[in-house]
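# Coordinate analysis (summary)
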Amino acid sequence: MSSRSRLVAHRALSYGDRTALTSGRKTMVQKLDDAQRSALLARFPQWTHDPVRDAITRQFRFDDFAQAFGFMASVAIVAEKLDHHPEWSNVYNRVDVLLTTHDANGLSERDAKLAEAIEALL
Ligand SMILES: C[C@H](O)[C@H](O)[C@H]1CNC2=NC(N)=NC(=O)C2=N1
């Protein structure tokens, strides 16, 4: 098998897996109501509510770039597993994270799950 065929086969498999993993998630995700949003913020006091985006944000600081990027790599793996991804940026030892659910146009239970998983990495 040529290296090009292997690449294409790998890609096809990846897409197949992804379809299988996500095909059970066609239901609309519900935006949190006010009580649920308050509960979320009480549960994660280090996170700040962004009312414009209906998102939660947190800034993480590490000793250096290697630690910051290691953290991002760990979050990326969890995010991919949850099929829920952060909006973020990194400058040297700093990582700015914003969580919101694009499919709901605001916070949902998925953001709570991802925030919980991120906190568990620290
Ligand atoms: C098709 C796939 O399930 C969706 O696009 C997922 C991927 N990751 C996501 N991440 C975030 N933050 N919000 C979403 O609505 C979202 N949707």
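Everything below is about the structure shown above.
This text gives an overview of the structure that appears in the document. Please read all numbers here as calculations on a predicted model, not as lab measurements. (Residues numbered from 1 in each chain as written. Predicted model: local features only at pLDDT ≥ 70, side-chain atom pairs only at ≥ 80, totals over all residues. Heavy atoms only, no water.)

## What about the overall build of the chain?
Quick note on the threshold: Secondary structure is summarised from DSSP: a helix means a run of H or I of at least four residues, a strand means a run of E of at least two, and numbering begins at the N terminus for each. Three exposure classes are used, based on accessible area relative to the maximum for each residue type with a 1.4 Å probe and protein chains only: buried under 20%, partly exposed in between, and exposed over 50%. Whether two residues touch is decided by their heavy atoms; if any such pair falls within 4.5 Å, the residues are in contact. Only the protein chains shown count as cover for residues, with accessible areas throughout obtained via the Shrake-Rupley method and a probe of 1.4 Å.
Looking only at helices and strands, one finds 4 helices and 4 strands in the chain. Listed by position from the N terminus, the elements making up the chain come as α-α-β-β-α-β-β-α. Relative to its full complement of 122 residues, the chain shows a buried share of 33%. Expressed as a percentage of contacts within the chain between residues at least 6 apart in sequence, the contacts between residues at least 24 apart total 63%. If you sum the accessible surface of the chain, you get close to 7,900 Å²; carbon and sulfur atoms cover 56% of it.

## Section: a nonpolar patch on the surface
Operational definition: Residues forming no salt bridge and having over 30% relative accessible area are the ones grouped into patches, like charges within 9 Å of each other and nonpolar side chains (Val, Leu, Ile, Met, Phe, Trp, Tyr) within 5 Å. Salt bridge criterion: a side-chain nitrogen from Lys or Arg within 4 Å of a carboxyl oxygen from Asp or Glu.
Residues Phe65, Phe69, Val91 and Tyr92 make up a contiguous nonpolar surface patch of about 420 Å² in total accessible area. Topologically, Tyr92 is positioned in the loop between strand E3 (87-91) and strand E4 (94-99).

## With respect to the nonpolar core
Counted only if it meets this: Think of a nonpolar core as a cluster: buried Ala, Val, Leu, Ile, Met, Phe, Trp, Tyr and Cys residues, connected wherever their side-chain atoms sit within 4.5 Å.
In terms of nonpolar packing, the biggest core is built from 22 residues, with Trp47, Phe60, Phe71, Val95, Leu99 and Ile118 touching the most fellow members. Breaking this core down by element, the ones donating at least two residues are strand E2 (55-61), helix H3 (65-82), E4 and helix H4 (109-121). Element by element, the count of residues in this core is highest for H3, at 6 residues. Contacts of Ile118, omitting those with residues within four sequence positions, involve Trp47, Phe60, Phe71, Val75, Val97 and Leu99.

## Points about the side chain of Asp50
We apply this condition: His is not counted here, nor are the chain ends, while Lys and Arg score as positive and Asp and Glu score as negative.
Tracing the sequence through the fold places Asp50 in strand E1 (residues 48-50). Although buried, Asp50 forms no salt bridge, and the nearest oppositely charged side chain, Arg53, lies 6.0 Å from it. Every residue in contact with Asp50, bar those within four places of it in the chain, is listed here: Ala55, Thr57 and Leu98.

## Topic: the site of the ligand
Inclusion rule: For this description, a residue counts as near a given molecule or strand if any of its non-hydrogen atoms is within 4 Å of it. Each polar contact in these results corresponds to two N or O atoms within 3.5 Å; when the atoms are within protein, one needs to be able to donate a hydrogen and the other to accept it, and residues that are neighboring in sequence are counted only if both atoms are side-chain atoms. Three categories are distinguished: nonpolar for Ala, Val, Leu, Ile, Met, Phe, Trp, Tyr, Cys and Pro, charged for Asp, Glu, Lys and Arg, and polar for the others, with Gly belonging to the last.
Near the ligand, the surroundings consist of Asp83, His84, His85, Thr100, Thr101, His102 and Asp103. Measuring from a nitrogen atom of the ligand, one finds a side-chain N or O atom of His85 at 2.8 Å. Between the ligand and His102 there is a distance of 3.1 Å, counted from an oxygen atom to a backbone nitrogen or oxygen. In isolation the ligand has 390 Å² of accessible area, and contact with the protein removes 72% of it. Looking at the shell around the ligand, its residues break down into no nonpolar, 5 polar and 2 charged.

## Some points on unusual backbone geometry
The phi dihedral of Asp83 is positive, around 55°, even though this residue is not glycine. Of note in the backbone geometry, Asn105 takes a positive phi value of approximately 60° without being a glycine. The class of Asn105 is exposed, set by a relative accessible area of 62%.

## With respect to H3
Keep this limit in mind: Multiply 1.5 Å by the residue count of a helix minus one, and that product is the helix's expected span. Each C-beta atom gives one direction from the helix axis, and the arc is the one those directions make.
Over its 18 residues, H3 extends 25 Å from the first C-alpha to the last, a length consistent with the 26 Å expected when each residue adds 1.5 Å. Within the sequence span of H3, burial applies to Ala68, Phe71, Met72, Val75, Val78 and Ala79. The buried residues of H3 occupy one face: seen down the axis, they fall within an arc of 130°. What points out from H3, more than 90 degrees from its buried face, is the exposed set Ala66, Ile77 and Lys81. Those residues of H3 that are buried are in contact with E2, E3, E4 and H4. Backbone nitrogen of Ala66 and a side-chain oxygen of the N-cap are separated by 3.3 Å at the start of H3; the cap is Asp64. Note on H3: the residue one or two positions beyond its end, Asp83, has a positive phi of about 55°.

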